[in-house]
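# Topology and contacts: notes
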Amino acid sequence: MYAACVSQGAETREIREEPSAPLHSEIHAYVLEVEGGEALTFNAQSERASVGSHPSNDLVLASDAVSRFHCEILSDARGVRIRDLASKNGTYVDGVRVESAWLRNDNRLQLGDVSVRFRARGGLALPVSSSSSFGGLVGRSLAMRRVFALLERCAQSDVTVLVHGETGTGKEGAAEAIHAASRRASGPFVVVDCGAIPPALLESELFGHEKGAFTGAHGQRVGAFEEADGGTVFLDEIGEIPLDLQPKLLRVLERKTIRRVGSNKQLPVDVRILAATHRSLQKEVNDGSFRADLYYRLAVVKVELPPLRERLDDLPDLVDTLLDQLGVQGEARARLTSPAFLARLRAHSLLGNVRELRNLLERALVLEDAFDQTSSVQIALDEQSAGAALPDIALSFAEARSRVLDDFERRWLAALLAAHGGNVAAAARAAQIARPYLHRLLQRHGITRGSVRASTP
């Protein structure tokens, strides 16, 4: 039993019980049988399996027609789904090209020039943690307790971990919890946000520099890897790291040495590396914007943090935890933990996940109806839906949402730049974002000042 309400006179209090059973969760099991040529069979043993020609895949298909990371197979209690990873020759299910599709027994998958048969095999039990928290992360749902079981194992070694999840799901919290539960807990935990630092400065931020290494380098600087010696470096938004800097990061992973900017001397460092991203690095490997060998070394263990919409049973605990952090007590706390308020939370589209939940609770402390204050993400979706048809419902929610937001971001950036005559500095000031970050956004969407000026009336 998850929770019970006990009445004592005029007072009603909610009792939350620690999870006792089950200590495992069921997902759908399956087998992939490669047809023709050498017999090759893959038995799924986890929720996620990747298929492609790169040796780090769970099922490796040695064919030039198969992308390095061609597709992935996702299994949960609902069923098994295949998702294409922007492969060059596409993913087909029974002759139909798909980006995402639910699979059924005996489906024939065509991946490049390789035919694979999907065989359903009943259920598969995965271990879950007996705890309802890990570090600052909380959750009694099976989805989160599966994550906690994996994080607990990661903390017992120095394995490199890649944490993947949507914005606001708690990726930095997961990394910090791994560090705090590891043998390196007494050492430094150094965070580098690769998306917030201009590319020209990121190398110095990571590796340090010598005096005179470049204009403005008036003294020697110790970088994040030296600063974290004996501890952990957390590379947030690792997908933003420039391509020309990736070999230097790979050297740290392989040799545990760094070289400051402006120096020829290799310095040994004793660090553990954790990384996080909300982007599909496998897709970026396929399109050449992320090195396959770096991805292989970063994703030794991959932890997928579920979005809040997939663990709504955790809302009461999350609200309690966030209100503790905000120091909320008395009548305000009673209002924000009431069944009526929690029911409205369940019905609300918390697209910003736990981060948006916290913001909504803060608004609710000062506004009569915080739900009337629409999130920026929801505004993006509303504006997009007003001007275009709904995305393909055959896609997963996350994929459809990503496409809508990408389109909105592209149109918004073009309009912002046009409104300021192509002046990036003025546009950044008006949007209240850092100019280097705006430059990266414009580059990502292929928007140039010249094209904006040309299209401006």
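About the cut-offs
Residues numbered from 1 in each chain as written. Predicted model: local features only at pLDDT ≥ 70, side-chain atom pairs only at ≥ 80, totals over all residues. Heavy atoms only, no water. Phe/Tyr/Trp six-rings, centres within 6.5 Å; stacked < 30°, edge-to-face > 60°. Helix = DSSP H or I, 4+ residues; strand = E, 2+ residues; numbered from the N terminus. Buried < 20%, exposed > 50% of the residue type's maximum accessible area, 1.4 Å probe, protein only. pLDDT = per-residue confidence, 0-100. Contact = heavy atoms within 4.5 Å. Pairing = 2+ DSSP bridges.

Before going further, it helps to examine the packing of aromatic side chains. If you walk through the whole model with that rule in mind, you get four aromatic pairs. Here the aromatic rings of F189 and F234 are separated by 6.2 Å at their centres, their planes lie at 10°, and the arrangement is stacked. Of the two residues, F189 is situated in strand β17 (residues 189-193) and F234 in strand β18 (residues 232-236); the sequence distance between them amounts to 45 residues. Residue F189 is classed as partly exposed on the basis of its relative accessible area of 21%.

This brings us to the confidence of the model for the protein. In regions of low pLDDT, the predicted coordinates are not meant to be interpreted in detail. When pLDDT is averaged along the protein, the result is 84, and 85% of the positions lie at 70 or above. Note on residues 1-21: pLDDT under 50 across the span, and 34 contacts to partners over four residues away in sequence or across chains. Between residues 373-381, whose pLDDT stays under 50, and residues either more than four places distant or in other chains, the model counts 15 contacts.

Before going further, it helps to examine the pairing of strand β3 (residues 24-35). Pairing of β3 with strand β13 (residues 114-127) involves 11 bridges; the strand directions are antiparallel. Residue pairing across strands places E33 opposite R117, the latter belonging to β13. Pairing geometry for β3 and strand β4 (residues 40-43), over four bridges, is antiparallel. Its bridge partner lying in β4, V31 is registered against N43. Between the antiparallel neighbours β3 and β4 lie four residues, among them G36 with a positive phi of about 80°.

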